[in-house]
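A structural walkthrough
One letter stands for each residue in the lines below.
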Amino acid sequence: MSNRNLSSSSLFLATIDNITFHMTYYGPIILLIIGTIGCLCNFLTFTSRQLRENSCAFYFLCSSIFEFLSITFGLTSRLAADHFDYNLQHTNRIFCKFRAYFVTTIPLIATYLILLSAIDRYMSSSIHVYLRSFSQIKIAYRNVLIVIIIGLISCSHILISYDLRPKCATLRGIYTIFDGMFVVFWVGLIPHILMLIFGCMTLKNIRHTRQRRIIKMEIKHININQNQHQNYHKTDAQLILMMLVQTGLSSLLILTRMIYYAYYILGPLFTGDKKIIGSFLMSFTTLLYYTNYVKSFYIYTLTSQLFRTIFLQRIKEYIQKICGTRSKRSVELYRGK
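In this text the structure is predicted, and so the values were computed from the model without any measurement. For every chain, the first residue of the written sequence is number 1, and numbering continues from 1 along that sequence. Totals for whole chains, interfaces and linings use every residue, but because this is a predicted model, local features are given only for residues with pLDDT of at least 70 and side-chain atom pairs only at 80 or more, for both listing and counting. Working from all heavy atoms in the structure, the side-chain values ignore hydrogens and water.

Description of the packing of aromatic side chains
Note on aromatic contacts: the rings of Phe and Tyr and the six-membered ring of Trp form a pair at centre separations within 6.5 Å, being stacked when their planes are under 30 degrees apart, edge-to-face when over 60 apart, and tilted otherwise. The tally for this structure, following the rule as stated, stands at 22 aromatic pairs. A ring pair is formed by phenylalanine 178 and phenylalanine 182, whose centres lie 6.3 Å apart and whose planes are at 35°; its orientation type is tilted. Highlighted residues: phenylalanine 178 and phenylalanine 182, both in helix α8 (residues 174-212), separated by 4 residues, approximately one helical turn. Think of it in three bands: residues with accessible area under 20% of the maximum for their type are buried, residues over 50% are exposed, and the middle band is partly exposed, with areas taken using a 1.4 Å probe on protein chains only. Relative accessible area serves as the criterion here: at 42%, phenylalanine 178 is assigned to the partly exposed category. What makes phenylalanine 182 buried here is its relative accessible area of 11%. One aromatic cluster is present, formed by Phe46, Phe60, Phe297, Tyr298, Tyr300, Phe307 and Phe311 through successive ring pairs. Sitting over the ring of tyrosine 289, arginine 257 keeps its end group 6.0 Å from the ring centre. Numbering goes from the N terminus for both helices and strands, where a helix is a DSSP run of H or I of at least four residues and a strand is a run of E of at least two. Placement of a positive charge over a ring is assigned whenever Lys NZ or Arg CZ falls within 6 Å of the ring centre and within 35 degrees of the normal to the ring plane.

And the structure:
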């Protein structure tokens, strides 16, 4: 019986190890392809005339840029290290420091830009004119710059603490716990808890506005601008829906990763056969972490008819431009003959 149990245990661990290998190889490749396409489609949509001057759409646009940087740099460097013997991060001191710095800073900035979109939707849905005045594109420009600066400065300690020891790692001892808690709280818990809070407050604002129906405009003004007002309200409502779904799923994916990461830092070390299980869980939650920065385009497409419409319009515009350019070249070549 003991031999059977031992063999079944060995088979189980070998299966887990094999799954981990394939997961860490094919997972990043799939996420890179899906994420790159999604981020480019986001950029195409959020730069449209309809959304160009909307503050929430601007936050989504900037977040998509940092999501693109996060998956292209983070996933490619991890895939290269795991499967292609690209050990520059464990042999080059400068690359070690800057990789550790950027794989934390870039996702952090992307996350806080989504938080800004949640705050913006709360402001825009408020019944108070003063709060609604903060939902402006000129304020969005300033807020994005502030978030980028805070993100770059708050992670600067990584440049000092990470070094070759002999592999790329942080300082041992108490700083290891600090670094882990910094990631868990500053990148994970704090922004996502705030997202959920502002999301709930936004829903409350919407419910409050629908109940009270406080609309103070002159009859002539309503007749003249009714269609424009309805279009603006439709855009606003769909951006709120996009933000709420994005926030909810982001919280689920990131907090799953952070719960395991906190256990990995604070819990007992994995020894013996448990290392294989620990490696699987670390790899799986890491993929969930990067999935958070891949999903946005597909969430926006599924939740918003406005987003789908604008995206298809932009695709048609580019196809028409390409076809128009080719037809002009054909005419010029024909005339040249």
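Here the narrative resumes.
A look at the pattern of salt bridges
By definition, a salt bridge exists where a carboxyl oxygen of Asp or Glu is found within 4 Å of a side-chain nitrogen of Lys or Arg. Evaluation of the coordinates by the stated rule reveals 4 salt bridges. Residues aspartate 163 and arginine 93 are paired through a salt bridge, measuring 2.9 Å at the closest nitrogen-oxygen approach. Residue aspartate 163 is found in strand β1 (residues 163-164), and its partner arginine 93 is found in helix α4 (residues 93-124); the two are separated by 70 residues along the sequence. A salt bridge links aspartate 120 to arginine 121, with the shortest nitrogen-to-oxygen separation between them at 2.4 Å. Taking relative accessible area as the criterion, arginine 121 reaches 1% and is therefore assigned buried. Through salt bridges with shared partners, a single network forms among Arg49, Arg314 and Glu317.

Re the side chain of histidine 192
Relative to the elements of secondary structure, histidine 192 occurs in helix α8. With sequence-adjacent residues up to four places away left out, histidine 192 is seen in contact with Thr111, Val187, Ser250, Ser251 and Ile254. Only heavy atoms matter for contacts: two residues are in contact if any of them lie within 4.5 Å across the pair.

Examining empty space enclosed by the protein
The method works on a 1 Å grid over the protein atoms by themselves. A cavity is a set of points holding a 1.4 Å probe that cannot get out, a pocket is an open set with protein on both sides within 12 Å along at least five of seven lines, and residues with an atom within 4 Å of a point line them. Grid points are joined across faces, edges and corners, and a volume is the space filled by probe spheres set on the points. Summed over the entire model, instances satisfying the criterion amount to 2 cavities of 30 Å³ or more. Taken as a whole, the largest cavity encloses approximately 70 Å³ of empty space. In terms of lining residues, the largest cavity is bounded by Met23, Thr24, Pro28, Leu75, Arg78, Asp82, Ser283, Thr286 and Leu287. At the level of secondary structure, the elements contributing two or more residues to the lining of the largest cavity comprise α1 (2-46), α2 (55-83) and α10 (274-291). Three residue categories are used. Nonpolar comprises Ala, Val, Leu, Ile, Met, Phe, Trp, Tyr, Cys and Pro, charged comprises Asp, Glu, Lys and Arg, and polar comprises the others, including Gly. Taken together, the residues of the lining of the largest cavity sort by class into 4 nonpolar, 3 polar and 2 charged. Of the volumes computed, that of the second largest cavity is approximately 40 Å³. As for the second largest cavity, its lining consists of Glu67, Ala110, Thr111, Ile114, Met195, Gln246, Ser250, Asn292, Tyr293 and Lys295. Mapped onto the lining of the second largest cavity, the elements with two or more residues apiece are α4 and α9 (219-266). Examining the composition of the lining of the second largest cavity, we find that 3 residues originate from one element, α4, more than from any other.

Side note on the confidence of the model for the chain
Residue-level confidence of the predictor is what pLDDT reports, using numbers from 0 through 100. The predicted model of the chain has a mean per-residue pLDDT of 81, with 85% of residues at 70 or higher. Here residues 214-220 scores under 50 on pLDDT; set against residues more than four positions off or in separate chains, the count is 2 contacts. Below pLDDT 50 for its whole length, residues 222-232 participates in 1 contact with residues either more than four positions away or in separate chains.

Focus on the state of the cysteines
The disulfide definition used here is simple: a pair of cysteine sulfur atoms within 2.5 Å. If you walk through the whole model with that rule in mind, you get 1 disulfide. Put simply, cysteine 96 and cysteine 168 are joined by a disulfide, and their sulfur atoms are 2.0 Å apart. When the S-S torsion is 80°, as for the bridge of cysteine 96 with cysteine 168, the disulfide is right-handed. With cysteine 96 in helix α4 and cysteine 168 in strand β2 (residues 168-169), this residue pair connects regions lying 72 residues apart in the sequence. For the pair shown, cysteine 96 and cysteine 168 are each scored as buried. Residue cysteine 41 stays outside any disulfide, its sulfur separated by 9.3 Å from that of cysteine 39, the closest cysteine. Residue classification places cysteine 41 among the buried positions, given a relative accessible area of 13%.

So, the nonpolar core
In a soluble, globular protein the nonpolar side chains are often hidden away together inside. In these notes, a set of buried Ala, Val, Leu, Ile, Met, Phe, Trp, Tyr and Cys residues joined through side-chain atoms within 4.5 Å is what counts as a nonpolar core. Within the largest apolar cluster, 69 residues are counted, with the highest numbers of intra-cluster contacts made by Phe46, Phe60, Leu113 and Tyr300. Setting aside its immediate chain neighbours within four residues, leucine 113 contacts Tyr59, Cys62, Ser63, Phe66, Val144 and Val147.

Comments concerning the layout of surface pockets
If you add up the space inside the largest pocket, you get close to 1,700 Å³. Along its surface, the largest pocket is lined by 45 residues, and Arg78, Tyr162, Tyr261, Tyr264 and Met282 are the ones closest to its centre. Looking at the lining of the largest pocket, the elements with two or more residues in it are α2, α3 (88-91), α4, β2, α8, α9 and α10. When residues of the lining of the largest pocket are assigned to their parent elements, the largest contribution, 8 residues, is made by α10.

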